[in-house]
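Structure at a glance
Single-letter residue listing:
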Amino acid sequence: MKRLIFALAIGAACAVAGASAPIAKIQALLAKPTVLCGRFDQTKHLAGMKKPLASNGRFCVVAGKGVLWRTLKPFPNTLRLTRDEIVSFQGERVAMRLEAKQEPTVRMINSVLFSLLSGDLGQLETLFEVDGGVEGSTWNVALKARQPALAKAIGAISLDGGAYVKNIQIVEASGDKTFIVFSEIKTGEGAITLEEAALL
């Protein structure tokens, strides 16, 4: 179940070692809003299954508070991620809670998610070997986990974007692949609904 939560959280999400990515240049391109919300479209290809699983919904990243990942289709589900826990809601009911003090991987996963969704590549570099490049106002990076536990939980990640992260691709050790496309990005206090703000 934890793997499912992690998969949902990062997609519910090219390992390249060697030369470092131009982190400073990419960081300079990225916007750093206090509140960032938008739409996500996720496609997950499971090893051994021909038809991919598709879902979509909304996400919000609020600096200092956490990440809200709300799947709207094919069925409603909400994940709230903070530094200390991952909580899964079915409606208003808490379906699952993973606390970092009981499951240290939670803190690591959440740190990765915060960094991914906010484009904090400096933080990601502490957890991953990073490679990539910049072309004009766009960039791409590939991440390879430095720690075996993180590699097992997440796998290899590549992402690209401009002022914001646009695409994330995750390849798990099992061969499962997740693609996430972000769109309709809005920033500022007006980007998050009252209902979403209450959940964070």
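In what follows, the accompanying structure is described. (Residues numbered from 1 in each chain as written. Predicted model: local features only at pLDDT ≥ 70, side-chain atom pairs only at ≥ 80, totals over all residues. Heavy atoms only, no water.)

Some thoughts on the sheet that holds strand S8 (residues 138-145)
Convention followed: Should DSSP find at least two bridges between two strands, the strands are taken to pair. Going along the chain from the N terminus, every DSSP run of H or I of four or more residues is numbered as a helix, and every run of E of two or more is numbered as a strand. The convention used is that axes are lines fitted to C-alpha atoms, helices contributing only their stretch in contact, and that angles between N-to-C directions extend from 0 to 180 degrees.
Spatial ordering of the open sheet is given by S6-S5-S4-S3-S2-S1-S11-S10-S9-S8-S7, a layout of 11 strands whose pairing is antiparallel. Each edge of the open sheet carries a strand with a single partner, namely strand S6 (93-99) and strand S7 (128-135). Strand after strand, the sheet turns through a mean of 15 degrees between neighbouring axes, direction not considered. As paired strands, strand S5 (residues 85-90) and S6 are joined by six bridges and run antiparallel to one another. For Ile86, the partnering residue across the bridge sits in S6 and is Leu98.

Overview of the pairing of strand S1 (residues 35-45)
Pairing geometry for S1 and strand S2 (residues 53-62), over 10 bridges, is antiparallel. Bridge pairing in S2 links Arg39 to Arg58. Pairing between S1 and strand S11 (residues 177-187): nine bridges, direction antiparallel. Its bridge partner being in S11, His45 is matched across the sheet by Lys177.

A short note on the nonpolar core
Under the convention used in this document: Working definition of a nonpolar core: buried Ala, Val, Leu, Ile, Met, Phe, Trp, Tyr and Cys residues. They are joined through side-chain atoms within 4.5 Å. For every residue, the accessible area obtained with a 1.4 Å probe (protein chains only) is divided by the maximum for its type, and the residue is called buried under 20%, exposed over 50%, and partly exposed between those limits.
Residues Phe128, Leu143, Ile157, Leu159, Ile168 and Phe182 are the most contacted members of the largest nonpolar core, which totals 37 residues. Top contributing element to this core by residue count: helix H3 (residues 104-118), with five residues. Core analysis: the next-biggest nonpolar cluster, separate from the first, contains seven residues, Cys37, Cys60, Leu68 and Ala191 among them.

Side note on the environment of Val141
If you trace the backbone, Val141 turns up in strand S8. Once the C-alpha coordinates of Val141 and Ile168 are considered, the two residues, 27 residues apart in sequence, prove to be 9.8 Å apart.

Considering unusual backbone geometry
For the peptide bond that leads from Lys73 to Pro74, omega is 10 degrees, which places it in the cis range. Tracing the backbone shows Pro74 in the loop between strand S3 (66-73) and strand S4 (77-81). We note that Glu184 has phi near 50 degrees; this positive angle belongs to a residue other than glycine. For Glu184, the position within the fold is in strand S11.

Thoughts on the packing of aromatic side chains
Basically, it comes down to this: The pairing test for Phe, Tyr and Trp rings, Trp by its six-membered ring, is centres within 6.5 Å, and the orientation test on the planes gives stacked under 30 degrees, edge-to-face over 60, and tilted for anything in between.
Throughout the structure, instances matching the rule amount to four aromatic pairs. Look at Trp69 and Phe182: their rings are 6.2 Å apart centre to centre, the planes differ by 85 degrees, and that puts the pair in the edge-to-face class. Here Phe182 lies in strand S11 and Trp69 lies in strand S3, a separation of 113 residues in the sequence. Residue classification places Trp69 among the buried residues on the basis of a relative accessible area of 2%. Judged by its relative accessible area of 7%, Phe182 falls in the buried class.

Notes on the pattern of salt bridges
Stated formally: Counted as salt bridges are all cases of a side-chain nitrogen of Lys or Arg within 4 Å of a carboxyl oxygen of Asp or Glu.
One pass over the structure, following the stated rule, counts seven salt bridges. For Arg58, the salt bridge identified is with Glu196, shortest N-O distance 2.6 Å. Taken as a pair, Arg58 in strand S2 and Glu196 in helix H6 (residues 194-199) lie far apart in primary sequence, 138 residues in all. Between Arg70 and Glu196 there is a salt bridge, with the nearest N and O atoms lying 3.3 Å from each other. In this pair, Arg70 sits in strand S3 while Glu196 sits in helix H6, placing the two residues 126 residues apart along the sequence. Taking the relative accessible area as the measure of exposure, Arg70 reaches 15% and is therefore buried.

Digging into the state of the cysteines
Selection rule: Put simply, a disulfide is two cysteine sulfurs that come within 2.5 Å.
Counted under the stated rule, the structure contains one disulfide. Disulfide partner of Cys37: Cys60, at an S-S distance of 2.1 Å. Taking the torsion about the sulfur-sulfur bond, which here is approximately 115 degrees, the covalent link between Cys37 and Cys60 counts as right-handed. Taken together, the residues span a long stretch of sequence, with Cys37 in strand S1 and Cys60 in strand S2 at a distance of 23 residues. Like Cys60, Cys37 is buried.

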